[in-house]
2 protein chains.
Amino acid sequence: MSLQDELNAIPGVSAERDAATRQFVFNHTMLRVKDIARSLDFYTRVLGFTLVRRRDFADAKFSLYFLVLVDDPAQIPAEEPARGQWLLGQRGVLELTHNHGSEDDAGFAYHDGNSEPRGFGHICVSVPDVEAACARFEQLGVAFQKRLTDGRMKDIAFIKDPDGYWVEILQPTARV
Amino acid sequence: MSLQDELNAIPGVSAERDAATRQFVFNHTMLRVKDIARSLDFYTRVLGFTLVRRRDFADAKFSLYFLVLVDDPAQIPAEEPARGQWLLGQRGVLELTHNHGSEDDAGFAYHDGNSEPRGFGHICVSVPDVEAACARFEQLGVAFQKRLTDGRMKDIAFIKDPDGYWVEILQPTARV
């Protein structure tokens, strides 16, 4: 029995893919952020994302920001509507929602999902060299939830974005 | 000024990508789920994901499930460790965390992030034909948060996974 056959035998798993799901793409994950400038700085400068699109909804007082982490940003179509269609066909897009003015509310904070009530856990960025990546995060003053040296899993770290959302950092050879 | 130049001028955006972030990949998003069999059924049968890996942590009483939504599952390496390395280099992986026994606790529920305290918002699956996809979801008895006909955005729907997490459904030509 192959590994895939074993996985397909787990209760709930549908081994035969419905043809109706062809070309379905897990496109994005949306997180609300308090201070969009801090979040854009974190995701572009610290993690290397490219901001591909902003949508402003002035009446409803929020804006959406779509970011991708691609090796060659030159592949992103320069103009709409090709750019938007490209974006919605990609995997691994990060959407940040900014409700205008939340950054000026000193007592306001979003919930990271890892204390009660729990739900969402984290996002993960894989890196070619987890030791080098974490050393750089330290240099940049990034907050850590778990350093490589903490706990039992020595090849996984968790950093925190400006809202406290956890970002797992590992390299593809990690034993997860 | 190009569109990208305009986006790069938004406060916080780092226009020059740090070379240290090369080969960084936005690999996965993790959600906790109450009843793993129901979630695996939803993500594999309804949305077309393939289960690529399960990791069991018997002592700590939880398991991790990694799923991908790819057009050709034959591209997934059949055996470890190639399979795991492939998985951690992919964009758009969904990780589900199952704490053993939560499915037997009638009063237990995870928090979807869209009521207080808010934070995480949703994941999104783009589809080639949003009308056809939503008609199929109706046939399958999937719960909707927002049908295409609800609200002002007529080309976007939100369905709910078994834990109530919102899954946005749209096609790449949507005006988002």
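Below or above, wherever it landed, is the structure these notes cover. Just so it is clear, the model here is predicted, and its values are computed rather than measured. (Residues numbered from 1 in each chain as written. Chains lettered and ligands numbered in written order. Predicted model: local features only at pLDDT ≥ 70, side-chain atom pairs only at ≥ 80, totals over all residues. Heavy atoms only, no water.)

### Description of the interface of chain A and chain B
- Taken together, the 88 residues of chain A in the interface contact 88 residues of chain B.
- Buried surface at the junction of chain A and chain B, both sides included, amounts to about 7,400 Å², of which 57% is carbon and sulfur.
- In this assembly, chain A and chain B are joined by two salt bridges.
- Residue D18 of chain B is joined to R136 of chain A by a salt bridge in which the shortest nitrogen-to-oxygen separation is 3.2 Å.
- Top element by residues in the side of chain A that touches chain B is strand β1 (residues 25-33) of chain A. It accounts for eight residues. (Contact = heavy atoms within 4.5 Å. Buried area = accessible area lost by both parts, 1.4 Å probe. Salt bridge = Lys/Arg side-chain N within 4 Å of Asp/Glu carboxyl O. Helix = DSSP H or I, 4+ residues; strand = E, 2+ residues; numbered from the N terminus.)

### Some remarks on the relation of the copies chain A and chain B
- Between chain A and chain B, the superposition needs a rotation of 180° and an axial shift of 0.0 Å, giving an RMSD of 0.0 Å. Viewed as a symmetry operation, the transformation between the two copies matches a two-fold axis. Within chain A, G92 of chain A has its C-alpha nearest the rotation axis, a separation of 2.2 Å.
- Both copies contact each other with a shared surface, as 100% of the interface residues of chain A are interface residues in chain B too. (Least-squares fit on C-alpha atoms with pLDDT ≥ 70 in both.)

### Some words on the pattern of salt bridges
Residues and elements named next belong to chain A.
- For the structure shown, the criterion picks out twelve salt bridges over all chains.
- Linking E116 and R118 is a salt bridge whose minimum nitrogen-to-oxygen distance equals 3.7 Å.
- Exposure remark for E116: the relative accessible area of 64% places this residue in the exposed category.
- Accessibility expressed as a relative area gives 27% for R118, which makes it partly exposed. (Buried < 20%, exposed > 50% of the residue type's maximum accessible area, 1.4 Å probe, protein only.)

### A few points about the nonpolar core
- Core analysis: the biggest nonpolar cluster contains 74 residues, and Y43, L47 and I169 of chain A together with Y43, L47 and I169 of chain B have the highest contact counts within it.
- Not counting residues up to four positions away in its chain, the partners in contact with Y43 of chain B are L31, G48, F49, L67, L94, L96, I123, D161 and V167 of chain B. (Core = buried A, V, L, I, M, F, W, Y, C linked by side-chain atoms within 4.5 Å.)

### Some remarks on the pairing of strand β7 (residues 156-160) of chain B
Residues and elements named next belong to chain B.
- Of all five residues making up β7, four are buried, and the element is well covered by its neighbours.
- Taken together, the three bridges between strand β6 (residues 143-146) and β7 define a ladder with antiparallel strand orientation. Across the sheet, the residue bridging to A143 is K160, located in β7.
- Where β7 folds back on strand β8 (residues 166-170), the antiparallel hairpin that results is connected by five residues, among which G164 adopts a positive phi of roughly 90°. (Pairing = 2+ DSSP bridges.)

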